[in-house]
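# Examining the three-dimensional arrangement
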Amino acid sequence: MEGSVGMLHRGEEHGLCIFECEGGDTAAGVGTESERTPSCGELGVDIRVGDICYIDFGEAYIAEIGYQHFGLIITIFHNKAFVVPMSGNHTAYLQAYSKENPKGKRHLMRLGKIKGMNKESVLFINDAKWINTARIIDVKAHLRRDSELFREIKDRVKNCLD
């Protein structure tokens, strides 16, 4: 495949990324490795649907998820992952809609304490988005995609699209 990126090397000066492409050619550009890498696999992070990952969402505007947060991978398609951002913010957790809190905010969903996470988590359904998988820093936990909780999360995301 012509022009595909091979190995990455970080330049010593000015954050320059240098790429060794197929055929021995090189390319360079300013930015971080994750900005220049087509997928997280090339950064050594293997992901799958149901993974709870630490993600660099980048800069944010008002009332939008940004910077580094956890997120749940709902699906993966062509080096992009559809993720639902999440947080351990206790106030947001208490405000989230659930069977125990039917008057709660429907754009928030309680996850509870997931194995591998340090505290109870809440999903920000209205911030779900497609991201390049190169934004994924690390995998921290996993929800089985055939679990009742994962199906409920997918249903909540789909309902928010109606």
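Read on for an overview of the structure.

Rules behind the numbers
Residues numbered from 1 in each chain as written. Predicted model: local features only at pLDDT ≥ 70, side-chain atom pairs only at ≥ 80, totals over all residues. Heavy atoms only, no water. Phe/Tyr/Trp six-rings, centres within 6.5 Å; stacked < 30°, edge-to-face > 60°. Helix = DSSP H or I, 4+ residues; strand = E, 2+ residues; numbered from the N terminus. Lys NZ or Arg CZ within 6 Å of the ring centre and 35° of its normal. Salt bridge = Lys/Arg side-chain N within 4 Å of Asp/Glu carboxyl O. Buried < 20%, exposed > 50% of the residue type's maximum accessible area, 1.4 Å probe, protein only. Pairing = 2+ DSSP bridges.

## Quick look at the packing of aromatic side chains
In total, this model carries 2 aromatic pairs according to the counting rule given. On the numbers, 5.2 Å between centres and 55° between planes, the contact of Tyr54 with Phe70 is tilted. Separated by 16 residues along the polypeptide, Tyr54 in strand β4 (residues 51–56) and Phe70 in strand β5 (residues 68–77) bring together distant segments of the chain. Over the aromatic face of Tyr97 sits the side chain of Arg106, whose NZ or CZ is 3.8 Å from the ring centroid. The residue whose ring lies beneath Arg110 is Tyr93, and the NZ or CZ to ring-centre distance is 5.1 Å.

## So, the pattern of salt bridges
Evaluated as defined, the whole model comprises 4 salt bridges. In this structure, Asp138 and Lys140 form a salt bridge, with 3.1 Å as the shortest nitrogen-oxygen distance. We classify Lys140 as partly exposed; its relative accessible area is 39%. Here Glu148 makes a salt bridge to Arg151, at a shortest N to O gap of 3.5 Å. You can see Glu148 and its partner Arg151 sitting in helix α3 (residues 148–160), 3 residues apart, about one turn around the helix. Judged by relative accessible area, Glu148 falls into the exposed class, the value being 54%. Relative accessible area serves as the criterion here: at 41%, Arg151 is assigned to the partly exposed category.

## Side note on the pairing of β5
Pairing of β4 with β5, which is carried by 5 bridges, proceeds in the antiparallel orientation. Paired with Asp56 across the two strands is Gln68, which belongs to β5. Bridge count for β5 against strand β6 (residues 80–87) is 7 bridges, and the pairing is antiparallel. Bridge pairing in β6 places Thr75 opposite Phe82. Hairpin connection of β5 to β6: 2 residues between the antiparallel strands, including His78 at a positive phi of 50°.

## Focus: the pairing of β6
Burial analysis of β6 places 7 of its 8 residues in the buried class, the great majority of the element. With 4 bridges connecting them, β6 and strand β10 (residues 129–132) associate as antiparallel partners. Directly across from Val83, in β10, lies its bridge partner Lys129. Direction of pairing for β6 relative to strand β9 (residues 120–124): antiparallel, over a ladder of 2 bridges. Paired with Ser87 across the strands is Val122, a residue of β9.

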